[in-house]
Amino acid sequence: MSATLEASQPVLPPLQIGRHTIESPVVLAPMAGITNRAFRRLCRESGSAGSDLGGASGATSLYVNEMVTSRALVERSPETLRLISHGPEEHPRSVQLYSVDPATAGAAARMLVTEDRADHIDLNFGCPVPKVTRKGGGAALPWKTELFRGIISNVVREASPYNVPVTVKMRIGIDADHITYLDAGRIAEGEGAAAVALHGRTAAQAYSGQADWSAIARLKEAVTTVPVLGNGDIWSAEDALRMVAETGCDGVVVGRGCLGRPWLFTDLAAAFAGTTARVQPSLREVTETLRRHATYLVEFYDGDELRGCRDIRKHIAWYLKGFPAGSQVRNQLALVDSLQALDDLIGTMDLDAPWPGDPAEGQRGRAGSPRVVALPENWLKSRKLDDAQREQIAHAELSVSGG
C-alpha cells in the first residue's frame, strides 16, 4: 500500500496554534458539504494504520469543520448544530465561523466557548461564492478594514478567557486591483489571531488558474509573531513540500486535494516527518474507504440511509479517479440510494486493480473560471463602510444559507 520507506529529518516542526500543538503541520480546509464529522473521522482513521510509513498518521493533523454562519449558530438552527458536532475522538474541536457583523460574530464565539463546543475557532474571510461576497462576506470583507478588525477583535475577546485560539483564513484580495492580504494579515496578528492562512488566489479567480505562492512568502515576511499557513494547489505531499520550500510557511492548508483521498493526510504526515513513503491503495482498499465513508455519513444523518447515500454520490468520481471503472458502473454509483446498492455495484468491479499512479493524481474538484466578484453596491469606493452598507450587512447573514 505504500512505497519504500526512507527515514530522514523532519521538514517542519509541529504547528503551534495557541495552546494546541499540531504534530503534523497540516490543516484540513473547511469545505461546504464535504468536511462534516463523517469525512473528518475518515481522514483521521485513514492514517491510523500507517506502520509502513514510519508511523505517520492522518490523526496528527488539524481538521476544521465546514463553515457555519454566526447568526444561524446563535439562533441554534438544528442543521447548524449538526454541522458543528464533533466525534469523541476529535481534538482539538475546530469550528469555522462566517460573519459580516462583529456583534453577531462575538455572540457566536461566546456560545461556542461558554458551552464548550469548540477548542479552536477559525474565521472565514476567503469564501469566493457569490451569495457570500454579494453580502460583503468571505473574501470581500477584508477590503473594509475596520469591519474586518471588529470581527476578529470581538471573537478573540470572547474566546481568549477560555484559552480558545482564533485563526483567520483569507485570500489575496477581491481581484488584482483590490489586494487585501498584507493589511489583513497585519490586522489579524495585531488583534490577537493565533495564525493566519492564505489561499494564493483572489476572489475573482475562484479556483481557476494557478495559486500565487509568492504571496504566501510575502505574507510570511509581513506576519512575524504567529504561524503563516499556505493554501492552494496542494494535490500531493510533494506539492506541500515544495510550497514550504518556496514560501517558508509554517504549515499547509489542504482543500480539494483530499477529495476522494482521505489518506492524503497520512502522506502529508509522512512527508513532513521526512520520509518518502506514500499511500498507494488498490481499488479494493479505495472502495473499502468509500464504503466506510458512506456508513459514517448515514450515522451523521442519524441513520437516514437515503440521505447518507445521496451525500456519498458526489465523492464517488473523486475516489475512482484513474481506476478502470466503466462509465456504466460510474453512472450507477452516482445514483446509489442504499448501502446494499453500493455494495452490489462495488462487487462488479475489478477490485484487484492496483494504484494507477499518475492518472489518479492532480487536480480534483471543479476549477471554474475567473469572474467579476459580486459585491454590495459601492463596496470598492472606499475601505470604510458607508451608512447604506452598514445597514445592509446588519441583515446579510439572514440570507446566507447552508449553516
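Note that this is a predicted model, so its numbers are computed, not measured.

Orientation of helix α6 (residues 145–159) relative to helix α7 (residues 181–190), taken along the N-to-C sense of each, is 30 degrees, at an axis distance of 10 Å. Classified by the interaxial angle, the pair formed by α6 and α7 is roughly parallel. Crossing hand, α6 versus α7: right-handed. Side by side, α6 and α7 meet where Thr145, Phe148, Arg149 and Ile152 of the first sit next to Ala184, Ile187 and Ala188 of the second.

Our next topic: the domain arrangement of the chain. Per the domain assignment, the segments making up the chain are domain 1 (18–279) and domain 2 (283–355). Centre-to-centre separation of domain 1 and domain 2, based on C-alpha positions: 28 Å. Each partner contributes residues to the interface: domain 1 has 19 residues there, and domain 2 has 17 residues. Of the roughly 1,600 Å² buried where domain 1 meets domain 2, counting both sides, 62% is carbon and sulfur surface. Here domain 1 and domain 2 share 4 salt bridges between them. Glutamate 299 is the partner of arginine 41 in a salt bridge, and the nearest nitrogen-oxygen pair spans 3.2 Å. For the pair domain 1 and domain 2, the interface holds 7 residue pairs in polar contact (both at pLDDT 80 or more). Put simply, the parts of the chain that give the side of domain 1 that touches domain 2 at least two residues each are α1 (37–46) and α3 (78–83). Per-element accounting of the side of domain 1 that touches domain 2 gives the leading share, 7 residues, to α1. Its residues assigned to classes, the side of domain 1 that touches domain 2 comprises 8 nonpolar, 5 polar and 6 charged.

Its place among the elements puts arginine 40 in helix α1. Judged by its relative accessible area of 0%, arginine 40 falls in the buried class. There is a polar contact of 2.9 Å between the side chain of arginine 40 and the backbone oxygen of threonine 35. Among all residues touching arginine 40, those that are not within four sequence positions of it are Leu28, Thr35, Tyr63, Val64, Asn65, Ser85, His86 and Glu90.

This paragraph deals with the environment of leucine 198. For leucine 198, the location among the structural elements is in strand β11 (residues 195–199). Taking the C-alpha atoms as reference points, leucine 198 and leucine 345, separated by 147 residues in sequence, lie 41 Å from one another. With residues up to four places along the chain from it excluded, the contact list for leucine 198 reads Met170, Arg171, Ile172, Tyr181, Ala215, Ile216, Leu219, Leu229, Gly230 and Asn231.

Bringing the pairing of strand β12 (residues 228–231) into the picture now. With burial as the criterion, each face of β12 is covered, one bearing Val228 and Gly230 and the other bearing Leu229 and Asn231. Across 4 bridges, β11 lies against β12 in parallel orientation. Residue pairing for β12: leucine 198 is matched across the bridge by glycine 230. In this view, the connection linking β11 to its parallel neighbour β12 by way of helix α8 (residues 213–222) has right-handed handedness. As paired strands, β12 and strand β13 (residues 251–254) are joined by 3 bridges and run parallel to one another. Paired with glycine 230 across the two strands is valine 252, which belongs to β13. Handedness of the β-α-β unit built from β12, helix α9 (residues 237–247) and β13 comes out right-handed.

Conventions used here
- Residues numbered from 1 in each chain as written.
- Predicted model: local features only at pLDDT ≥ 70, side-chain atom pairs only at ≥ 80, totals over all residues.
- Heavy atoms only, no water.
- Axes fitted to C-alpha atoms, helices over the stretch in contact; angles between N-to-C directions.
- Helix = DSSP H or I, 4+ residues; strand = E, 2+ residues; numbered from the N terminus.
- Parallel < 35°, antiparallel > 145°, perpendicular 65-115°, else oblique.
- Left-handed = near helix turned anticlockwise from the far one by under 90°.
- Contact = heavy atoms within 4.5 Å.
- Domains from an automatic or database assignment.
- Buried area = accessible area lost by both parts, 1.4 Å probe.
- Salt bridge = Lys/Arg side-chain N within 4 Å of Asp/Glu carboxyl O.
- Polar contact = N/O pair within 3.5 Å; in protein donor to acceptor, adjacent residues only side chain to side chain.
- Nonpolar A, V, L, I, M, F, W, Y, C, P; charged D, E, K, R; others polar.
- Buried < 20%, exposed > 50% of the residue type's maximum accessible area, 1.4 Å probe, protein only.
- Pairing = 2+ DSSP bridges.
- Right-handed = clockwise from strand over helix to strand, strands pointing away.

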